[in-house]
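Notes for the structure review
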Amino acid sequence: MSRDELEALQLQRLQHSVQYAYDRVPMYTKKFDDAGVKPSDLKSLEDLQKFPYTTKEDLRQTYPFGMFAVPQHEVARIHASSGTTGRPTVVGYTKGDLENWATMGARSLRASGVKPGWKVHNAYGYGLFTGGLGAHSAAEKLGCTVIPMSGGQTQRQLQLIQDFEPDAILCTPTYLLTIMDAMVQAGMDPRATSIKVAVLGAEPWTEEMRHELEVGMDIDACDIYGLSEVMGPGVAGECVDSKDGCTIWEDHFRPEIIDPITDAVLPDGQHGELVFTSLTKEAMPIIRYRTRDLTRLLPGTTRPSMRRMGRISGRSDDMIILRGVNLFPTQIEEIALRVPGLSPHFQLELTRPKRMDELAVRIERREEATSDDVASAGVELARLIKIHIGSTCRIDVVEPGTLERSNGKLKRIYDLRDKPAV
Ligand code: DLL
């Protein structure tokens, strides 16, 4: 399909999706009416800019099922994301939505080098989190044998990897590092397992981490992106041949990049906040959803008609301003991976004990770190952060596995600066 053909399809689907949302979801009816726009105003793809954004707050206000566009008996499945505060965000899928999701997930896995007939070890968490069941259906749809291990129980993961000999593993990138470290600890050679491909997502990661996993495990490691509000894993997937960012499945989603401060739409190539509009969703159509994820749109390569997204560099709500210096947690990760003995599992704690902001980095040591490594690691990390970011901070090196995780993800930032002192 050429780009022109794809855009013609997008416009046709977009017109339907916007009309459908307006007719069936009172929140959209009101939002469009308040903004003075009608679905019939959408005559070109650019006209989408006339429509208002949807935010996580809109989803919270319609909790639990107010965003659904079909009667409950047509909702085949519900997922929810916990979020950091307050009510969870609830999402629903019709049978048709689940079918499309599995198809896009299968496409993502296939692009990343997973092949039909392979054994796939799925270590994304099962349950309300979209990762486990989303990746499961994707692998099943592709024709793989799925091992639904879920997250956690690292020793058991090692045993099943040894005994079942999977060809691919699906999990968060930091969890694969935990698995790799645990293998070394257990005397296994991580380069000698049956795993050839890892499809990793659900949290930001870096090229440094890709390199470490690929070399450390002798695998191809590819990225997969998604979010519950839009669908789940498989909104975009990375191609193993190019490893140049995730291709967005633009026959089902229309992406935009906006300036998170002015809300203006930015041209391709510029960095900003990613916004998605669903083109085919039935249970919960989503119009111009502000993901808060920061990235940019790039031209298609392996799939020329569909655009890619760059790596997520951070979230617009995750940027820390520390004594005037802008800082994203991924910058700390890049630096931490250069220090022997340190893992990329860390949390940032911001306080303002007197009048100055203070940053503390709590970071887990590697399982295999020597006592010499640990002694010098904190000092070295503080030194590198000072050189590369310009900020002074306190480092606490903690034991492996001690920082709290949810769905395999760490809560990266504790901003206690505006909280009253206790
Ligand atoms: O994390 C869905 C998912 C599961 C994607 C498994 C990939 C693999 P949520 O829990 O709703 O859904 O979290 C969505 O996670 O807005 C991003 O901030 C982040 N995220 C997801 N994938 C990536 C990625 C799932 N590949 C939020 N790179 C998103 C960076 C990612 N961040």
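Described in the following lines is the structure provided in the data block. (Residues numbered from 1 in each chain as written. Predicted model: local features only at pLDDT ≥ 70, side-chain atom pairs only at ≥ 80, totals over all residues. Heavy atoms only, no water.)

Points about the overall build of the chain
Of regular secondary structure, the chain possesses 10 helices and 23 strands. By its C-alpha atoms, the chain is 70 × 60 × 40 Å across when sized along the principal axes. Within the span of the chain, comprising 422 residues, buried residues form 54% of the whole. The long-range share in the chain, meaning contacts at least 24 apart out of those at least 6 apart in sequence, stands at 64%. When the accessible area of the chain is evaluated, it comes to approximately 18100 Å², of which 51% is carbon and sulfur surface. Side chains of the chain give 51 positive and 59 negative charges; the mean places of these two sets differ by 3 Å. (Helix = DSSP H or I, 4+ residues; strand = E, 2+ residues; numbered from the N terminus. Buried < 20%, exposed > 50% of the residue type's maximum accessible area, 1.4 Å probe, protein only. Contact = heavy atoms within 4.5 Å. Areas by Shrake-Rupley, 256 points an atom, 1.4 Å probe, with all protein chains shown as cover. Lys, Arg positive; Asp, Glu negative; His and termini not counted. Charge placed at Lys NZ, Arg CZ, Asp CG, Glu CD.)

Remarks on the sheet that holds strand S19 (residues 358–365)
Consider a sheet: its strands pair through backbone hydrogen bonds, and that pairing is either parallel or antiparallel. The strand order across the open sheet built from 4 strands is S20-S19-S18-S23, with neighbouring strands paired in mixed fashion. Each of the sheet's edge strands pairs with one partner strand only, and the pair in question is strand S20 (394–398) and strand S23 (413–415). Geometrically, the sheet is characterised by an average inter-axis angle of 20° between neighbouring strands, direction not taken into account. In terms of strand pairing, S19 meets S20 through 5 bridges, oriented parallel. Among the inter-strand pairings, Ile363 is bridged to a residue of S20, identified as Val397. On the sheet, helix H10 (residues 371–388) packs against strand S18 (342–351), S19 and S20 and is oriented at approximately 145° with respect to S20. (Pairing = 2+ DSSP bridges. Axes fitted to C-alpha atoms, helices over the stretch in contact; angles between N-to-C directions.)

Notes on the environment of Gly401
As for its position among the elements, Gly401 is in the loop between S20 and strand S21 (405–406). The sequence separation of Gly401 and Leu9 amounts to 392 residues, and the corresponding C-alpha distance is 47 Å.

Quick look at the nonpolar core
Within the largest apolar cluster, 51 residues are counted, with the highest numbers of intra-cluster contacts made by Tyr28, Phe32, Tyr225, Val230, Phe276 and Met309. Take this core: its biggest share by element is 6 residues, from helix H1 (residues 3–24). Setting aside its immediate chain neighbours within four residues, Phe32 contacts Val18, Tyr22, Val37, Phe51, Pro52 and Ile287. In terms of nonpolar packing, the next biggest core, distinct from the first, is built from 23 residues, Cys171, Leu176, Leu177 and Ile195 among them. (Core = buried A, V, L, I, M, F, W, Y, C linked by side-chain atoms within 4.5 Å.)

Points about the packing of aromatic side chains
All told, the structure shown has 7 aromatic pairs when counted by the stated rule. With a centroid separation of 5.8 Å and an interplanar angle of 10°, the aromatic rings of Tyr22 and Phe32 are classed as stacked. Separated by 10 residues along the polypeptide, Tyr22 in helix H1 and Phe32 in helix H2 (residues 26–35) bring together distant segments of the chain. Residue Tyr22 is classed as buried on the basis of its relative accessible area of 19%. (Phe/Tyr/Trp six-rings, centres within 6.5 Å; stacked < 30°, edge-to-face > 60°.)

A look at helix H7 (residues 173–185)
With 13 residues, H7 extends 19 Å between its outermost C-alpha atoms, agreeing within 8% with the 18 Å of an ideal straight helix rising 1.5 Å per residue. Most of H7 is tucked away, with 10 of its 13 residues classed as buried. Looking at the buried residues of H7, the elements they touch are helix H6 (154–164), strand S5 (168–171), strand S6 (197–201), helix H8 (207–217) and S18. Positive backbone phi, at 80°, marks Gly187, one or two positions downstream of H7. (Expected span 1.5 Å × (residues − 1).)

Re the site of the ligand
Neighbouring the ligand are 19 residues; Asp223, Ile224, Ser228, Asp293 and Lys409 lie closest to it. With respect to the ligand, the backbone of Ala202 contributes an N or O atom lying 3.0 Å from a nitrogen atom. Between the ligand and Ser228, the relevant distance is 2.4 Å, taken from an oxygen atom to a side-chain nitrogen or oxygen of the residue. Every element with two or more residues in the shell around the ligand is listed here: helix H5 (130–142) and strand S7 (220–227). Of the residues forming the shell around the ligand, the biggest block, 5 residues, is contributed by S7. By residue class, the composition of the shell around the ligand is 9 nonpolar, 5 polar and 5 charged. (Near = heavy atom within 4 Å. Polar contact = N/O pair within 3.5 Å; in protein donor to acceptor, adjacent residues only side chain to side chain. Nonpolar A, V, L, I, M, F, W, Y, C, P; charged D, E, K, R; others polar.)

So, the pattern of salt bridges
Evaluation of the coordinates by the stated rule reveals 37 salt bridges. Through salt bridges with shared partners, a single network forms among Arg3, Glu7, Glu250, Asp268 and Arg307. (Salt bridge = Lys/Arg side-chain N within 4 Å of Asp/Glu carboxyl O.)

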